[in-house]
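Here is what each chain is made of, one letter per residue.
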Protein chains: 2
Amino acid sequence: MILPHLSVLNSKRIVLASGSPRRKELLDKLGLKFEIVPSIFEENLDKDDYPNCYDYVRQTSIHKAKEVFARLLKQRSPDAMPHIIIAADTIVEHNSTIFEKPSSKENARSTLMDLSGNTHAVWTAMTILVVSEDGKSVQVEKHVLEKTLVTFGILNEELVHEYVESGEPMDKAGGYGYQGLGFQLVESINGCNFNVIGLPVHSFCKTMVALIEELNWR
Amino acid sequence: MILPHLSVLNSKRIVLASGSPRRKELLDKLGLKFEIVPSIFEENLDKDDYPNCYDYVRQTSIHKAKEVFARLLKQRSPDAMPHIIIAADTIVEHNSTIFEKPSSKENARSTLMDLSGNTHAVWTAMTILVVSEDGKSVQVEKHVLEKTLVTFGILNEELVHEYVESGEPMDKAGGYGYQGLGFQLVESINGCNFNVIGLPVHSFCKTMVALIEELNWR
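Residue numbers here run from 1 along each chain, matching the order of that chain's written sequence. Chain labels run from A onward and ligand labels from 1 onward, assigned in the order the entries are written. With the structure being a predicted model, the display of local features is reserved for residues of pLDDT at least 70 and the display and counting of side-chain atom pairs for 80 or more, all residues being used for whole-chain, interface and lining totals. To get the side-chain values, take all heavy atoms of the structure and skip hydrogens and water.

The name given to chain A in an unreviewed UniProt entry is Maf-like protein, and the organism recorded there is Sphaeroforma arctica JP610.

Structure follows, in structure tokens:
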């Protein structure tokens, strides 16, 4: 969807506030040129402060974007500031519980057995900041929030054991990597596929096109 | 799902009867070892002979598998025959019409405008042949048939023009490549994501596990 707008977007300095290799790969595939400045926001918001998991994930993405903006404001001269900062956060939710990275192999095993044969939700929130022309403040702040339902096949203990021993689950929210070996656990999805790996491509593109029109960028 | 069965499967000679780089990539990712012998079946079945598009795609996958089996039977000694031959065919269906590779840029443009803002179906049929121990006949024939619904965003003519000019649509059923630039056209999917790029991973794994049990392979 941003194909006809690439020359406009690539005339801007864009920062991706995420170290995720999959997010980088998806933005690369869109043809965007950008610099990577991973957020160092600690992702330590108290989940109990948020009535819904999507408020939690949205707030985390806002904090990630603003942390990078504030840090660059200190480090860079105004004319080296980015025009656009893009941040994202992804969580897995099942039965009103937010699943994060497993704390242990045992925890990874029990999470995967919880998800077995069931449908869970993957939420990604994105925050897009447009920096003012003088490089000193945020001019526009846009949000994307996307939910995809993921249905697992029925997993048996032998499979879960082998998968956990592969090491892949340990640094993944929900204990599986859809972009890795974990792809064979998934029976079907309902929604944006790319959301599951951390960047809801179609919604992101729509938001960027709306932004270009709103700001009358040419 | 086939993770615990890899050593059994990889003790067999497996042939993938498809030249599709995406199918190769997905089987590689599963950890399977296999040889590629693309089918030269002409894919010229008369659609009018089939009451449903899924009968058509299934028959094409059967012909692809059997063409490779027959060819290898002529070329190889019985002890060099594969144990397993895997073939697949994928089609796009919208409003009871089967979309194949565009015949021209104009045809690609009109197909994409037809799909714009609508939901179409992607069907993949797989045929898995197990060759008898003497290498001379087909012992078991298994089929996988999977449908995934794909919803396009609303495309405008400028976008479709740029996308067609990129060259990507011309060798793709339905005029788009989900694995390429076309990924940004897709708003959501319902079903197996990998089916859209030509190999329904979860169903294939389930079928292979059932086959191992049925044949008591260890």
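Having seen the structure, we can now continue with the description.
A.B. asks: Describe the overall build of chain A, naming the residues involved and giving the relevant values.
C.D. replies: Going along the chain from the N terminus, every DSSP run of H or I of four or more residues is numbered as a helix, and every run of E of two or more is numbered as a strand. Along chain A, the regular secondary structure elements total 7 helices and 7 strands. Reading the secondary structure of chain A in the N-to-C direction produces α-β-α-β-α-β-β-α-β-β-α-β-α-α. It is over C-alpha atoms that the radius of gyration is taken, and the globule rule equals 2.2 Å times the number of residues to the power 0.38. Relative to the globule expectation of 17 Å for 218 residues, the C-alpha radius of gyration of chain A, 18 Å, shows essentially globular dimensions. In terms of its C-alpha atoms, chain A occupies a principal-axis envelope of roughly 60 × 35 × 30 Å. Across the 218 residues of chain A, 56% fall into the buried class. Taking contacts inside chain A between residues at least 6 apart in sequence as the whole, the part at least 24 apart equals 71%. Surface accessibility follows the Shrake-Rupley procedure with a 1.4 Å probe radius. Residue values consider only the protein chains on display as shielding. With the model as given, the accessible surface of chain A reaches about 9,400 Å², and the carbon-plus-sulfur share is 45%. Positive: Lys, Arg. Negative: Asp, Glu. His and the chain ends are not part of the count. Charged groups are reduced to one reference atom each: NZ for lysine, CZ for arginine, CG for aspartic acid, CD for glutamic acid. Put simply, chain A has 23 plus and 29 minus side-chain charges, and the middle of one group is 8 Å from the middle of the other. Burial classes follow relative accessibility: with a 1.4 Å probe on protein chains only, a residue under 20% of its type's maximum area counts as buried, one over 50% as exposed, and anything between as partly exposed. Whether two residues touch is decided by their heavy atoms; if any such pair falls within 4.5 Å, the residues are in contact.

A.B. asks: Tell me about unusual backbone geometry, and please be specific about residues and values.
C.D. replies: Glycine aside, negative phi is the norm for most residues, and most peptide bonds take the trans geometry. All names here are of chain A. Positive phi, close to 55°, is recorded for E43, a residue that is not glycine. Position of E43 relative to the elements: it lies in the loop between β2 (35-36) and α3 (53-75). Its identity is not glycine, yet S96 carries a phi of approximately 65°, on the positive side. Residue S96 is classed as exposed on the basis of its relative accessible area of 69%.

A.B. asks: Describe the relation of the copies chain B and chain A, and please don't skip the residues or the numbers.
C.D. replies: We place the copies in one frame by least squares, fitting the C-alpha atoms of every residue whose pLDDT is at least 70 in both. Expressed as a screw operation, the relation of chain B to chain A combines 0.0 Å of axial shift with a rotation of 180°, fitting to an RMSD of 0.0 Å. Within this description, the copies of the chain are treated as partners about a two-fold rotation axis. Among all C-alpha atoms of chain B, that of N190 of chain B lies closest to the rotation axis, at 2.2 Å. Residue by residue, 100% of the interface of chain B is reproduced at the interface of chain A, so both copies engage with the same surface.

A.B. asks: So what's going on with the side chain of Q184 of chain B? Residues and values would help.
C.D. replies: Within the secondary structure layout, Q184 of chain B lies in the loop between α5 (157-165) and β7 (186-191). Aside from chain neighbours lying at most four places away, what touches Q184 of chain B is M1, I2, L3, L30, V201, H202 and C205 of chain A.

A.B. asks: Go over the interface of chain B and chain A with me, naming the residues and quoting the values.
C.D. replies: Across the contact, 34 residues belong to chain B and 34 residues belong to chain A. Note: buried area is the sum, over both parts, of the accessible area (probe 1.4 Å) each one loses when the two are combined. Here chain B packs against chain A, burying approximately 3,000 Å² in sum over the two surfaces, 61% of which is carbon and sulfur. For the chain B face of the interface with chain A, the top three residues by lost area are L3, F183 and Q184 of chain B, together amounting to 24%. By salt bridge we mean one thing: a side-chain nitrogen of Lys or Arg within 4 Å of a carboxyl oxygen of Asp or Glu. Between the two partners, chain B and chain A, sit 0 salt bridges. Two N or O atoms form a polar contact when they lie within 3.5 Å of each other; inside protein one atom must be a possible hydrogen donor and the other a possible acceptor, and for residues adjacent in sequence the pair counts only when both atoms belong to side chains. One can count 11 residue pairs in polar contact (both at pLDDT 80 or more) joining chain B with chain A. Taken together, the elements giving at least two residues each to the side of chain B that touches chain A come down to α2 (21-30), α5, β7, α6 (193-196) and α7 (201-214) of chain B. In terms of residue count, the dominant contributor to the side of chain B that touches chain A is β7 of chain B (6 residues). Residue polarity follows a fixed list, in which Ala, Val, Leu, Ile, Met, Phe, Trp, Tyr, Cys and Pro are nonpolar, Asp, Glu, Lys and Arg are charged, and the others, Gly among them, are polar. Along the lines of polarity and charge, the residues of the side of chain B that touches chain A split into 20 nonpolar, 9 polar and 5 charged. Here, any two strands with at least 2 DSSP bridges between them count as paired. Judged from the 3 bridges that link them, strand β7 (residues 186-191) of chain A and β7 of chain B form a sheet pairing that is antiparallel.

A.B. asks: Kindly report on the nonpolar core, identifying the contributing residues and their values.
C.D. replies: Membership of the largest hydrophobic core comes to 106 residues, with the highest contact counts inside it found for Y176 and F204 of chain A together with Y176 and F204 of chain B. Residues within four places of Y176 of chain A in sequence aside, it is in contact with L112, L115, H120, V122, V150, F152, Y163, P169, L185, V186 and V196 of chain A. Among buried residues, those of type Ala, Val, Leu, Ile, Met, Phe, Trp, Tyr and Cys that are joined through side-chain atoms within 4.5 Å constitute a nonpolar core.

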